[in-house]
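Inside the fold
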Amino acid sequence: MSVRVVVADDQELVRAGFAMILGAQPDIEVVAEAGDGAEAVEAVRAHRPDVLLLDIRMPRMDGIEAAKIVCAETACQVLMLTTFDQDDYVYEALRAGASGFLLKDVRRDDLVQAVRVVAAGDALLAPSVTRRLIAQYTARPAVPAPQRLAELTARERQTLAMLARGLSNAEIAAELVVSEHTVKTHVSNLLSKLGLRDRVQAVIVAYETGLAVPGRA
């Protein structure tokens, strides 16, 4: 089955360019385009895509508000578009439920891969820009870990700390000397216990609680 995508950006040429790149892939179908956040929400409601490629800065309704609505109402994965030097809202977008974000000057192959990754239920945690933004927005007093993470088992806490380092399930399995299936179970359990939507929100909690510290492996 094809990955169904809605592309939302207020710049028509940018939007058309992303749609053309994605639509040229045999396993991706662009089902709609939108010029602002409100149109993006309506397009998701109408077409039920797997992924919404969503610009943060748009008229009428910005990407953060649109992401909140889409993530609350649907299972659609939201992939945000931003310019690192200008946008101060990426952290809020991740808190809203976005599964990751890309810079607008992303390479063609990276764009395609990113859509496939989030469609599969994973998150974009590895790029250096993600680490920089997490570091920027988590330089605030941490909520004591025992208070927030009390329900997690020791292995689930280990898994959460490794997620914050950007490790994949396979890499976590290798470090813990367990199967990938076991890691998936740990991830699923910790998301459920913490009331989180996905791995990105889990990483934010790891930093907010001090379980993970920016710049420390």
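Relevant structure appears above.
Attention here is on the structure that accompanies the text. (Residues numbered from 1 in each chain as written. Predicted model: local features only at pLDDT ≥ 70, side-chain atom pairs only at ≥ 80, totals over all residues. Heavy atoms only, no water.)

1. Brief notes about the overall build of the protein
Note the threshold: For the purposes of this entry, the term helix denotes a DSSP run of H or I that reaches at least four residues, the term strand denotes a run of E that reaches at least two, and both are numbered from the N terminus. The buried label applies to any residue whose accessible area, calculated with a 1.4 Å probe on protein chains only, is under 20% of its type's maximum; exposed applies above 50%, and partly exposed to all values in between. Contacts are assigned to residue pairs with any non-hydrogen atoms lying within 4.5 Å of each other. The method behind every accessible area is Shrake-Rupley, applied with a 1.4 Å probe, and residues are considered shielded solely by the protein chains displayed.
On a plain count of helices and strands, the protein comes out with 11 helices and 5 strands. Out of the 217 residues in the protein, the part that is buried amounts to 49%. Across the protein, the fraction of contacts at a sequence separation of at least 24, relative to all contacts at a separation of at least 6, is 66%. Summed over all atoms, the accessible surface of the protein reaches about 10400 Å², with 50% contributed by carbon and sulfur.

2. Remarks on the environment of Met-162
As for its placement among the helices and strands, Met-162 is situated in helix α8 (residues 154–164). For Met-162, a relative accessible area of 9% corresponds to the buried category. For the pair Met-162 and Glu-175, spaced 13 residues apart in sequence, the C-alpha to C-alpha distance is 9.1 Å.

3. Re the nonpolar core
Selection rule: For the purposes of this section, nonpolar cores are sets of buried Ala, Val, Leu, Ile, Met, Phe, Trp, Tyr and Cys residues that join through side-chain atoms within 4.5 Å.
Grouped together as the largest cluster of nonpolar side chains are 31 residues, with contacts concentrated most on Ala-8, Leu-52, Leu-54, Val-70, Val-78 and Met-80. Counting residues per element, the ones that place at least two in this core are β1 (3–8), β2 (28–34), α2 (37–47), β3 (51–55), α3 (63–73), β4 (77–82), α4 (90–96) and α11 (199–208).

4. A word on helix α1 (residues 12–23)
How we decide: A helix's residues, less one, multiplied by 1.5 Å, set its expected span. What the arc measures is the spread of directions leading from the helix axis to the C-beta atoms.
With 12 residues, α1 extends 16 Å from end C-alpha to end C-alpha; this agrees with the ideal 16 Å at 1.5 Å per step. For α1, the complete set of buried residues consists of Arg-15, Phe-18, Ala-19, Ile-21 and Leu-22. Taken end-on, α1 shows its buried residues confined to a sector of 165 degrees, consistent with a single buried face. Residues of α1 that are exposed and angled more than 90 degrees away from the buried face: Glu-12, Leu-13 and Met-20. The secondary structure elements touched by the buried residues of α1 are β1, β2, β3, β4 and α5 (108–119).

5. Section: the environment of Phe-18
Relative to the assigned elements, Phe-18 resides in helix α1. Taking the relative accessible area as the measure of exposure, Phe-18 reaches 5% and is therefore buried. Each C-alpha atom, one on Phe-18 and one on Leu-111, is 8.3 Å from the other, the two residues being 93 residues apart in sequence. Beyond its immediate stretch of four places on either side in the chain, Phe-18 contacts Val-7, Leu-53, Leu-81, Lys-104, Val-106 and Leu-111.

6. Things to note about the pairing of β2
As a reminder of what qualifies: Here a strand pair is declared whenever DSSP counts at least two bridges between the two strands. Crossover handedness is defined here as right-handed if the route from the first strand over the helix to the second strand goes clockwise, with the strands pointing away from the viewer.
Inspection of the sheet shows β1 paired to β2 by 6 bridges, in the parallel sense. If you follow Val-7 over to β2, its bridge partner there is Glu-33. Remark: the β1/α1/β2 crossover connection has right-handed handedness.

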